[in-house]
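# Structure assessment
What follows is the residue order along each chain.
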Amino acid sequence: MAKKKSTVERRMAIMTELEQRGKVNVSDLSKNYDVSEVTIRNDLGQLEKKNILIRARGGAIKVDPVGIDYHISEKNKINIKAKKAIGHRAASFVNEGDTIMVDSGTTVMELVKNLNERMDLTVITNALNIANQLVKNNNINVIIPGGFLRKKSFSLIGTPAEKSLRYYFCDKLFLGVDGLDIDYGLSTPNIEEAHFNSAMIEMSNQVFVLADSSKIFKRSLAFICDISKIDVLVTDSGITKDQVAALENAGIEVVVC
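In this text the structure is predicted, and so the values were computed from the model without any measurement.

The strand order across the open sheet built from three strands is β1-β3-β2, with neighbouring strands paired in antiparallel fashion. Whereas interior strands pair on both sides, the edge strands pair on one side only; in this sheet they are β1 (23-25) and β2 (53-56). Within this sheet the neighbouring strands show an average axis-to-axis angle of 20°, counted without direction. With four bridges connecting them, β2 and strand β3 (residues 59-62) associate as antiparallel partners. Opposite Arg55, over in β3, you have Ala60 as the bridge partner. The strands touched by helix α1 (residues 7-21) are β1, β2 and β3; relative to β1, the strand with the most contacts, the crossing angle is about 125°. Contacts from helix α3 (residues 37-49) reach β1, β2 and β3, with the element oriented near 135° to β2.

Take a look at the structure:
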């Protein structure tokens, strides 16, 4: 590749490489264009603001078409710093004696990792990875609605899972989503997962959505519910003031980490 390109030329070249490969690496780009890694990170930050890419550790990935459904191991690499901050903050909303419901999202896993081990809780989850995280905690009762295993998310879904879920009502639901849009509502790539999430919302007294700022004002394939069903959004500092204002005007409490 040609070196010492102008800023515009360099960012165009990064976009071309991103389109061809699906991802880019900060170190490689720095060497290829003979500029510092700080400059490349600034390039990626500017392109992220235009919804062209999503920053990931050491680089960036292309913004996906709405229907792409990543494996949970791949999703866990994206925006992990923000997810950890969101999970830590969201855990502060869990109180002694609560019955909470959690889905299979990678951001929600960070919440579960931050639960107080000495706190008596009941956790209802359709996620096997979440249940496995809690299995050694004697103070937490774990309820798993049975269903069909969706291997990409380690979650149990389908009619049996939904039927079982409706036997339980919880104080708080902590839900991770792939898209949150003022007009479209909450969304996720998998249709069955969306249907199960909708049932979780129906059986919850209070709904907390955990979503990093890259998900805000985005849409994914399958509709979950209108934003009117959300009580609290916990997100990171990447959310803009305009986005916060729009969400608060819609009646949502926005908690920024």
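Moving on, we get to the layout of surface pockets. Looking at the largest pocket, its volume works out to about 860 Å³. Lining of the largest pocket is provided by 32 residues; of these, Glu48, Arg55, Ser213, Asp236 and Gly238 occupy positions nearest its centre. Classifying every residue of the lining of the largest pocket gives 11 nonpolar, 11 polar and 10 charged.

Thresholds, definitions, all that
- Residues numbered from 1 in each chain as written.
- Predicted model: local features only at pLDDT ≥ 70, side-chain atom pairs only at ≥ 80, totals over all residues.
- Heavy atoms only, no water.
- Pairing = 2+ DSSP bridges.
- Helix = DSSP H or I, 4+ residues; strand = E, 2+ residues; numbered from the N terminus.
- Axes fitted to C-alpha atoms, helices over the stretch in contact; angles between N-to-C directions.
- Contact = heavy atoms within 4.5 Å.
- 1 Å grid on protein atoms, 1.4 Å probe; cavity = no way out; pocket = protein on both sides within 12 Å on 5 of 7 lines; lining within 4 Å.
- Points joined across faces, edges and corners; volume = space filled by probe spheres on them.
- Nonpolar A, V, L, I, M, F, W, Y, C, P; charged D, E, K, R; others polar.

The values reported here are purely geometric and, on their own, carry no functional implication.
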